[in-house]
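Residue strings, one per chain:
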Amino acid sequence: MSEKTKIYLQAIFFLLVFVAGYLVLNHRPIVVGVLYRWAASDYKNAIFNLLLFVVQGGLLWLAFVCLPRLPFVILVFLVFLSGVVNIIYQQVLGNLLDAASVQWMLEELRQLDTAFGEFSNLFLIGFLKTIFAISLMVFSRYSFIRWRVGEGIFFKINSLRVPLYIVFLLLFFMADVLMTNAGRSRAGEMNIYGALVRQAVEVLPERAPPVVVPATAPLVDKIVLLVDESIGWKIYDKILKPGWISTFSGIDLGEARALSNCSAQSNAALRWGVNVQDTDATTDLRKNSTIWAYAKSAGYRTTLIDGQTLGAPQNYLWTSELALIDAFSAADKGIDTDYQIALDINSILRRPGRDYVFVVLRGAHYQYHDNYPNGELDRHLPKDVQYEKAVTYSKKSFMESVFSGVDRSNTVVFYTSDHGQYIHGNGVPHCNDTPVREELSVPLMVFAPGFLSHFQKTAADVGVVHSHSQIFPTSLVLMGYGERYAELVYDALLPLGSKRLLRFGKKMYPRSEGDRIQLFVD
């Protein structure tokens, strides 16, 4: 065997080692984008996706083999970060990561520690798989360098240095922008950075101001929307509803449907309002008038209390919307957050003047044992036992503290949850791409002693299905806006049933001209 042949064989072997690492890193995207497409006889897209992976992998191989040490170390670090996020996401949620999912994860960073605690084994598997994949690719690089396999055959390192720097920059910071065909096979080693670039350059649309003014004086001075965290209807029906009805004259509207099974999307839709009859896959809710704009136009002070963050607001609350809020409180105080929030609400309800208050409670997000004292002792108990303890503790004395000393005749308080909870499986209990019913099943109660006859269900209302989308128009009417406008532009008023049941996936707004959101009609 000639020396040249040996070099070629070595080159092929080391290239195959790199390919093996690349396949480990991108196993699931390749299976979904290529093999599944081929099995479904979609040969055109299968071949196109395969070619994209070949191009992306080829560029990464050139960068691995040719870059000098410092940019190479940076490259490995970036590949690892993007790769590990992709693989862990696939391990936990069983789906591929895309730009919308990256945006969703940024909005849910506050729950990273709870996710790690709940799925630490899957995090570890994802970490080890990424390390293994990158180790193979790094071995390929150093084998080429050690054996000088590429010298005189493929390239001269110095001559390719400048173009490789350019490829490096494009690959990791412009990938998602350049590959504008959403859903195409963007490889796991770079899609995080492409998505971040797209988000950084994205220009938010301007919101429309309210097109009407209140038709009458406000019907009440205080309106509060309590959005609990991960409280499904069944656990509410068992633990919370009986006492709240008997003690506080709560009006139970029954099992309702959340606008999403994810926290960020659900909270955003509650603030932005949804025209359930006209919303389709091209709708951009970011253009809607917010509940804050309506409230301020009606003469209300606006307050947002967020019990799930210590710093900047989340749940798609951007600067332009935040400017409409008179008072924002980052109220995370550990397991007693909801009790402290109850005291803050009580102070607002007892002061003079009109107030609209949107409250994001801490509730009972998994890991459930993190939400009550000495819960670590229960980490091996069944999930439903932990969950019940968490819900019970989070709402202990909550309503008592909210209503203590309050003149409730001029106050309406809505209570719901961002989404439900499926606690019987081994996977994620909410925010799955294909949710089970429990993930969308939420409570809906109204505390309105001065409007008992208005919210009480009649015989004709029994069996109707309510939705999150009805809280917004009902609030508008309480602020003095016309009933006809509220129902026409948003949804039916409570206690009537919803006109159309919608839910949003992780991609709840279009990211470019002609883009489509994830909208599901039930």
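Residues numbered from 1 in each chain as written. Predicted model: local features only at pLDDT ≥ 70, side-chain atom pairs only at ≥ 80, totals over all residues. Heavy atoms only, no water.

Engineer: Give me the lowdown on the side chain of Arg 503, citing residues and values where you can.
Structural biologist: Assignment of secondary structure puts Arg 503 in strand 11 (residues 502–504). Here Arg 503 occupies a buried position and makes no salt bridge, while the nearest side chain of opposite charge, Asp 522, is found at 4.5 Å. (Helix = DSSP H or I, 4+ residues; strand = E, 2+ residues; numbered from the N terminus. Buried < 20%, exposed > 50% of the residue type's maximum accessible area, 1.4 Å probe, protein only. Lys, Arg positive; Asp, Glu negative; His and termini not counted. Salt bridge = Lys/Arg side-chain N within 4 Å of Asp/Glu carboxyl O.)

Engineer: Before we move on, can you summarise the pattern of salt bridges with the specific residues and values?
Structural biologist: Summed over the entire model, instances satisfying the criterion amount to 20 salt bridges. In this structure, the salt-bridge partner of Lys 296 is Asp 326, at a minimum N-O distance of 2.8 Å. Note that Lys 296 is positioned in helix 13 (residues 291–297) and Asp 326 in the loop between helix 14 (319–322) and strand 5 (327–330), a separation of 30 residues in sequence. Residue Arg 379 is joined to Glu 376 by a salt bridge in which the shortest nitrogen-to-oxygen separation is 2.7 Å. Arg 379 gets classed as partly exposed once you look at its relative accessible area, which sits at 37%. A residue is classified by how much of its surface remains accessible, and Glu 376, at 44% relative accessible area, is partly exposed. Salt bridges here are not isolated pairs; linked through shared partners, they connect Lys 222, Arg 301, Arg 351 and Asp 355.

Engineer: Can you explain the sheet that holds strand 2 (residues 251–252)? Please cite residues and give values.
Structural biologist: Across the sheet, seven strands lie side by side as 2-9-7-1-6-4-5; this open sheet has mixed pairing. The outermost strands of the open sheet, each flanked by one partner alone, are strand 2 and strand 5. Sheet analysis places strand 2 next to strand 9 (residues 444–447), joined by two bridges and oriented antiparallel. Its bridge partner lying in strand 9, Asp 252 is registered against Met 445. Sitting on the sheet, helix 15 (residues 337–350) touches strand 1 (222–228), strand 4 (301–306), strand 6 (355–360) and strand 7 (411–417), and the angle it makes with strand 1 is about 170 degrees. (Pairing = 2+ DSSP bridges. Contact = heavy atoms within 4.5 Å. Axes fitted to C-alpha atoms, helices over the stretch in contact; angles between N-to-C directions.)

Engineer: Any details on a nonpolar patch on the surface? Residues and values, ideally.
Structural biologist: On the surface, a cluster of nonpolar side chains totalling about 500 Å² of accessible area is made up of Leu 9, Ile 12, Leu 15, Leu 16, Val 19 and Leu 23. Within the secondary structure, Leu 9 is located in helix 1 (residues 3–25). You can call Leu 9 partly exposed: its relative accessible area is 45%. (Patch = residues over 30% accessible without salt bridge, like charges linked within 9 Å, V, L, I, M, F, W, Y side chains within 5 Å. Areas by Shrake-Rupley, 256 points an atom, 1.4 Å probe, with all protein chains shown as cover.)

Engineer: Could you give an account of the nonpolar core, with specific residues and numbers?
Structural biologist: Taken as a class, soluble globular proteins show a tendency for nonpolar side chains to be buried jointly. Grouped together as the largest cluster of nonpolar side chains are 96 residues, with contacts concentrated most on Leu 226, Ile 345 and Tyr 415. Here Leu 226 is in contact with Ile 345, Val 359, Leu 361, Phe 398, Met 399, Val 413, Phe 414, Tyr 415 and Thr 416, once residues within four sequence places are set aside. (Core = buried A, V, L, I, M, F, W, Y, C linked by side-chain atoms within 4.5 Å.)

Engineer: Give me the lowdown on the packing of helix 11 (residues 233–248) against helix 16 (residues 383–394), citing residues and values where you can.
Structural biologist: One way to put it is that helix 11 packs onto helix 16 with a least axis distance of 10 Å and a crossing angle of 50 degrees. When the axis of helix 11 is compared with that of helix 16, the two are oblique. Here helix 11 and helix 16 pass one another in a crossing that is right-handed. On helix 16, the residues touching Ile 235, Lys 238, Ile 239 and Leu 240 of helix 11 are Tyr 387, Glu 388, Val 391 and Thr 392. (Parallel < 35°, antiparallel > 145°, perpendicular 65-115°, else oblique. Left-handed = near helix turned anticlockwise from the far one by under 90°.)

Engineer: Help me get a handle on the packing of aromatic side chains, residues and values and all.
Structural biologist: If you walk through the whole model with that rule in mind, you get 27 aromatic pairs. Taking the centre distance of 6.5 Å and the plane angle of 15 degrees together, the rings of Phe 18 and Tyr 22 count as stacked. You can see Phe 18 and its partner Tyr 22 sitting in helix 1, four residues apart, about one turn around the helix. Where Phe 472 meets Tyr 490, the ring centres are 4.6 Å apart and the plane angle is 35 degrees; that geometry is what we call tilted. (Phe/Tyr/Trp six-rings, centres within 6.5 Å; stacked < 30°, edge-to-face > 60°.)

Engineer: For the packing of helix 3 (residues 43–66) against helix 4 (residues 69–93), give the residues involved together with the corresponding values.
Structural biologist: For the pair helix 3 and helix 4, the least separation of the axes is 9 Å and the interaxial angle reads 140 degrees. It follows from the interaxial angle that helix 3 and helix 4 lie oblique. Relative to helix 4, the crossing made by helix 3 is left-handed. In this structure, helix 3 uses Leu 60, Ala 63 and Phe 64 to contact helix 4, whose residues at the interface are Phe 72, Leu 75, Val 76 and Val 79.

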